[in-house]
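# Survey of secondary and tertiary structure
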Amino acid sequence: MTSVDSRTPAESAESAENARPDQPSVAAPWWTTAVVYQVYPRSFADSDGDGVGDLGGVRAKLGYLAELGVDAIWLSPVYPSPQHDNGYDIRDYQDIDPVFGSLAEFDLLLAEAHELGLKIVMDLVVNHTSDEHPWFVESRSSLDNPKRDWYWWRQPGADGAEPNGWGSAFSGPAWTLDPTTDEYYLHLFAKQQPDLNWENPEVRQAVYTMMNWWLDRGVDGFRMDVINFIAKQPELVSGPQAATDGGSPMGAQIHDYLQEMHRAVFAGRTGEHLTVGEMPGVSIDDAVLFTDAARAEVDMIFQFEHVSLDQGAHKFDPLPRRLPPLKQSLARWQDGLAETGWNSLYLNNHDQPRLVSRFGNDDEFRYESATLWALVLHLHRGTPYIYQGEEIGMTNVRFESIEHYRDIESLNHYREAVEQFDQSPASVLAGVHAMGRDNARTPMQWDDSAHAGFSTATPWLAVNPNYPRINVAADRDAPRSVFAFYQRLIALRHADPVVALGDFELIEPDHEQLYAFTRSRNGQMLLVLANASDEPLTVQGEWLPDDISGAELVLGNYRGDGSAALRPWDARLYRF
Ligand code: GLC
């Protein structure tokens with residue numbers, strides 16, 4: 001986020017390219033050519049042998065990330081926390097949890113990362129705190145405590161019931177009765193994660209002060225956890241009534257809050273910051289408003305449309321996956337943010353199943369499908385995010401019993417479905433296998449030694465049993481290395497303005513196997529042809545350029561790509 005330039009990335013780049021030598025040129029924001037790598041510190045690398053990843057582990061792997069070529073690291077939360085939701089329940093915003101290290105070690109990490117040209121983006125979790133945060137401890141202590149209004153307290157509804165029927169994202173009601181004062185408090189997530197009341201200006205100032213403290217320390221920006229939920233829609237919080245869960249909790253004040261935050265935190269700063277807001281349930285029209293540089297809210301958002309298409313009645317109810325809805329959805333976002341705003345690009349993170357298992361074939365065509373989705377995603381217009389392990393094609397895990405799982409969302413869901421709704425344990429476990437968040441959270445597989453080289457101790461969550469075969473060392477030695485493919489994609493984004501800024505056009509939107517699109521800019525064109533299926537595919541169509549056989553094959557995931565037909569999970573990038 002830079003405060004001085006309110007033009008869109010496209011406008012800035014245009015003027016930079018057209019600038020005469022005597023005119024000052026303003027480059028497109030740095031993140032238009034950047035790739036971000038998400039580290040989930042608990043599961044990345046353990047340096048002190050307690051089975052939990054830590055900052056020492058991240059420091060030890062900075063060279064690996066520099067070699068991959070990414071520009072920035074988004075660090076999932078490392079603040080002091082009771083860890084009910086693996087650090088997304090924060091007890092102290094201005095320190096480091098001893099399980100991860102110390103502030104002094106954080107400063108070392110930051111300095112070493114900067115030395116290597118890597119930026120560090122912190123996770124900002126301010127929709128809620130931990131119930132052990134001193135703010136909440138005070139707030140719950142009495143009706144007239146000065147911090148009472150920092151959270152959402154409401155009187156019981158009829159017969160002592162919850163103020164309304166809103167559900168929490170982690171099963172059960174979004175309200176919990178606190179016996180100290182006999183009022184309910186709101187928590188959109190676990191009951192250990194009470195929601196902050198952003199309508200209170202003191203809350204907002206406290207958050208901005210904390211953000212400034214981290215930026216003054218040298219961090220390069222924030223990934224903002226469920227940031228659109230900080231503003232609550234009136235139905236949710238207006239007190240005892242019959243309202244049931246009314247969809248998105250987001251309230252209309254969200255834009256005011258983000259603009260105020262921008263003024264209080266970013267406006268006076270020079271330098272290259274990044275702000276990305278996680279925003280479940282928002283539309284493209286919302287996204288244009290959030291990411292329009294002239295409005296000064298956030299640089300980009302994480303939207304959820306494309307990762308919700310395979311969800312039925314709820315998250316753990318997977319639907320059959322089809323290509324057309326997925327590519328059409330991503331294309332709508334490409335079109336919607338083409339003129340104003342900017343997309344972030346992701347196919348997995350710490351909350352989603354592994355992309356090669358979800359969208360590819362993680363067995364017979366693991367290399368091909370992992371690299372196909374990498375090519376497809378990184379050739380879209382926007383800032384790509386790589387989630388740890390994605391760059392070596394790590395897969396989902398299928399633990400045989402719920403005892404092996406650690407994620408509060410999966411555990412709560414399992415308990416509710418089996419105990420309250422009488423579903424069969426096997427069917428509920430199948431849902432967890434397909435969609436559970438622990439798929440992404442099994443420890444990073446570094447090599448084939450004990451515990452995959454992640455730790456010398458038994459890890460907090462078991463390693464995926466496929467680690468002797470799938471690990472960094474093996475991938476980097478392999479003739480067909482997923483890591484090497486990602487390196488080339490990242491280098492391409494750095495070097496080629498068509499990749500960063502070119503116009504996007506989807507071809508054959510209804511085709512069930514073919515994912516094809518072009519990117520064009522200043523008379524240059526890139527064409528992506530990808531066969532997202534286990535079957536060979538002959539590509540035909542009037543749109544196919546006549547001179548394709550003479551075109552430069554920039555990148556492909558098969559060797560000897562002379563053949564016209566696309567092999568299973570064949571992905572190619574041509575330049576014209
Ligand atoms: C976000 C995080 C997720 C967390 C939730 C509550 O969705 O990505 O991991 O559980 O917010 O903080």
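Residues numbered from 1 in each chain as written. Predicted model: local features only at pLDDT ≥ 70, side-chain atom pairs only at ≥ 80, totals over all residues. Heavy atoms only, no water.

## Brief notes about the packing of helix H12 (residues 366–378) against helix H17 (residues 482–495)
Let me state the cut-off plainly: A fitted line through C-alpha atoms serves as each axis, taken over the contacting stretch for helices, and the angle formed by two N-to-C directions is quoted from 0 to 180°. Here a helix means four or more residues in a row that DSSP labels H or I, a strand means two or more in a row labelled E, and each is numbered from the N terminus. By the definition adopted for this analysis, an angle is roughly parallel if under 35 degrees, roughly antiparallel if over 145, roughly perpendicular if from 65 to 115, and oblique otherwise. For this analysis, residues touch if any pair of their heavy atoms sits within 4.5 Å. Classification convention: Asp, Glu, Lys, Arg as charged; Ala, Val, Leu, Ile, Met, Phe, Trp, Tyr, Cys, Pro as nonpolar; all other residues, Gly among them, as polar.
At their nearest, the axes of H12 and H17 sit 10 Å apart, and the two run at 10° to each other. The angle between H12 and H17 places the two elements in the roughly parallel class. Of H17, the residues touching H12 (which contributes Tyr367, Ala370, Thr371, Ala374, Leu375 and His378) are Val482, Phe485, Tyr486, Leu489 and Arg493. Looking at the contact of H12 with H17, its residues break down into 8 nonpolar, 2 polar and 1 charged.

## A closer look at the packing of aromatic side chains
To keep it simple, the criterion reads: Only centres within 6.5 Å qualify two rings of Phe, Tyr or Trp (six-membered ring in Trp) as a pair; their planes then separate them into stacked at under 30 degrees, edge-to-face at over 60, and tilted for everything else. Exposure is judged per residue with a 1.4 Å probe applied to protein chains only, and the accessible area is read against the type maximum: over 50% gives exposed, under 20% gives buried, and values in between give partly exposed. Each ring is checked for a lysine NZ or an arginine CZ that lies within 6 Å of its centre and within 35 degrees of its normal; such an atom marks a charge sitting over the ring.
Throughout the structure, instances matching the rule amount to 27 aromatic pairs. Centroid distance Trp153 to Tyr185: 5.6 Å. Interplanar angle 65°. Geometry classified as edge-to-face. Here Tyr185 lies in strand S6 (residues 183–186) and Trp153 lies in strand S4 (residues 153–154), a separation of 32 residues in the sequence. Across this residue pair, the class does not change: Trp153 and Tyr185 are buried. One aromatic cluster is present, formed by Tyr37, Phe44, Tyr64, Trp446 and Phe483 through successive ring pairs. The positively charged end of Lys147 is found above the aromatic ring belonging to Trp150, 4.7 Å away from the centroid. Of note, Arg148 hangs over the ring of Trp153, and the distance from its end group to the ring centre comes to 3.8 Å.

## Re the pattern of salt bridges
Heads up, the condition is: By definition, a salt bridge exists where a carboxyl oxygen of Asp or Glu is found within 4 Å of a side-chain nitrogen of Lys or Arg.
Scanning the entire structure with this criterion turns up 32 salt bridges. Note that Glu67 and Arg476 form a salt bridge whose closest N and O atoms lie 2.7 Å from each other. Taken together, the residues Glu67 in helix H3 (residues 62–68) and Arg476 in helix H16 (residues 472–477) connect sequence positions 409 residues apart. Take Glu67: its relative accessible area is 44%, and that puts it in the partly exposed class.

## Considerations on the sheet that holds strand S5 (residues 175–178)
Consider a sheet: its strands pair through backbone hydrogen bonds, and that pairing is either parallel or antiparallel. Defined as follows: The pairing criterion for strands is at least two bridges between them, as found by DSSP.
The strand order S4-S6-S5 describes an open sheet built from 3 strands, whose pairing is antiparallel. Every other strand in the sheet has two partners, leaving S4 and S5 as the edge strands with one partner each. Here S5 runs beside S6; their pairing, made up of 4 bridges, is antiparallel. Directly across from Asp178, in S6, lies its bridge partner Glu183.

## Concerning a negative patch on the surface
Convention followed: To count toward a patch, a residue needs a relative accessible area above 30% and no salt bridge. Like charges then connect within 9 Å, nonpolar side chains (Val, Leu, Ile, Met, Phe, Trp, Tyr) within 5 Å. Shrake-Rupley sampling with a 1.4 Å probe provides the accessible areas, and residues are treated as covered by the protein chains on show and by no other component. Counting rule applied: Lys, Arg positive; Asp, Glu negative; His and chain ends not counted. For the purpose of locating charges, the reference atoms are NZ of Lys, CZ of Arg, CG of Asp and CD of Glu.
Judged by side-chain charge, Asp363, Glu364, Asp534 and Glu535 come together as a negatively charged surface patch. Note that Asp534 resides in the loop between strand S14 (524–531) and strand S15 (552–556). Residue classification places Asp534 among the partly exposed positions, given a relative accessible area of 36%.

## Side note on unusual backbone geometry
Positive phi, normally seen in glycine, also occurs at Ala452, with a value near 60°. When you line up the elements, Ala452 lands in the loop between helix H15 (438–441) and H16. Despite not being glycine, Trp569 has its phi angle at roughly 60°, a positive value. Structurally, Trp569 can be placed in the loop between S15 and strand S16 (571–575). Judged by its relative accessible area of 5%, Trp569 falls in the buried class.

## Re the nonpolar core
Put simply, the rule reads: Here, the term nonpolar core denotes a set of buried Ala, Val, Leu, Ile, Met, Phe, Trp, Tyr and Cys residues that are joined through side-chain atoms within 4.5 Å.
Membership of the largest hydrophobic core comes to 156 residues, with the highest contact counts inside it found for Leu75, Met211 and Trp373. Once you skip the residues sitting within four places of it in the chain, Leu75 turns out to touch Val39, Pro41, Leu55, Val58, Phe106, Leu109, Ile120, Val121, Met122 and Asp123. Listed in part, the 15 residues of the second largest apolar core include Phe170, Ala174, Leu186 and Leu188.

## Re the site of the ligand
What counts is decided by this rule: Proximity is defined per residue: if any heavy atom of the residue lies within 4 Å of a molecule or strand, that residue is considered near it. In protein, a polar contact requires one atom able to donate a hydrogen and another able to accept it; more generally it is a pair of N or O atoms within 3.5 Å, and residues adjacent in sequence count only if both atoms are side-chain atoms.
Taken together, 14 residues sit near the ligand, with Asp85, Asp225, Glu278, His350 and Asp351 positioned nearest. Take Glu278: an N or O atom from its side chain is 2.9 Å from an oxygen atom of the ligand. When isolated, the ligand has an accessible area of 310 Å², and the protein chains bury 96% of it. Here the residues of the shell around the ligand sort into 4 nonpolar, 3 polar and 7 charged.

## Describing the pairing of strand S8 (residues 274–278)
Of all 5 residues in S8, 5 are buried, a share of seventy percent or more. On S8, burial covers both faces: Leu274, Val276 and Glu278 on one face and Thr275 and Gly277 on the other are all buried. Relative to S8, strand S7 (residues 221–224) is paired through 4 bridges, and the arrangement is parallel. Across the sheet, Gly221 pairs through a bridge with Leu274, a residue of S8.

## Remarks on the side chain of Asn343
Here Asn343 is to be found in the loop between helix H10 (323–336) and strand S10 (344–345). Judged by relative accessible area, which is 6%, Asn343 ranks as buried. Here Trp333 takes part through its backbone oxygen, which lies 3.0 Å from a polar atom of the side chain of Asn343. The residues contacting Asn343, other than those within four sequence positions of it, are Met300, Trp333, Gln334, Leu337, Arg381, Gly382 and Thr383.

## Examining the sheet that holds strand S12 (residues 503–507)
As summarised here, the arrangement of the 5 strands in space is S12-S13-S14-S16-S15, forming an open sheet in which the pairing is antiparallel. Only two strands of the sheet have a single partner each, and these edge strands are S12 and S15. In this sheet, adjacent strand axes meet at a mean angle of 20° when their direction is disregarded. H10 rests against S12 and strand S13 (514–521) of the sheet, and its axis sits at about 155° to S12.

## Description of the domain arrangement of the protein chain
Stated formally: Those domain boundaries reflect an automatic or database domain assignment. Buried area: the accessible surface (1.4 Å probe) lost by two parts on joining, summed over both.
For the protein chain, the domain assignment lists domain 1 (32–128 + 201–485), domain 2 (134–186) and domain 3 (502–575). For domain 1 versus domain 3, the distance between C-alpha centres works out to 30 Å. Taken together, the contacts link 27 residues of domain 1 with 30 residues of domain 3. Summing both sides of the interface, domain 1 and domain 3 together bury roughly 2300 Å²; the carbon and sulfur share of this comes to 67%. Interface area lost by domain 1 to domain 3 is led by Lys327, Leu372 and Leu379, which between them contribute 26%. Across the contact surface, domain 1 and domain 3 share 1 salt bridge. A salt bridge links Glu512 to Arg322, with the shortest nitrogen-to-oxygen separation between them at 2.7 Å.

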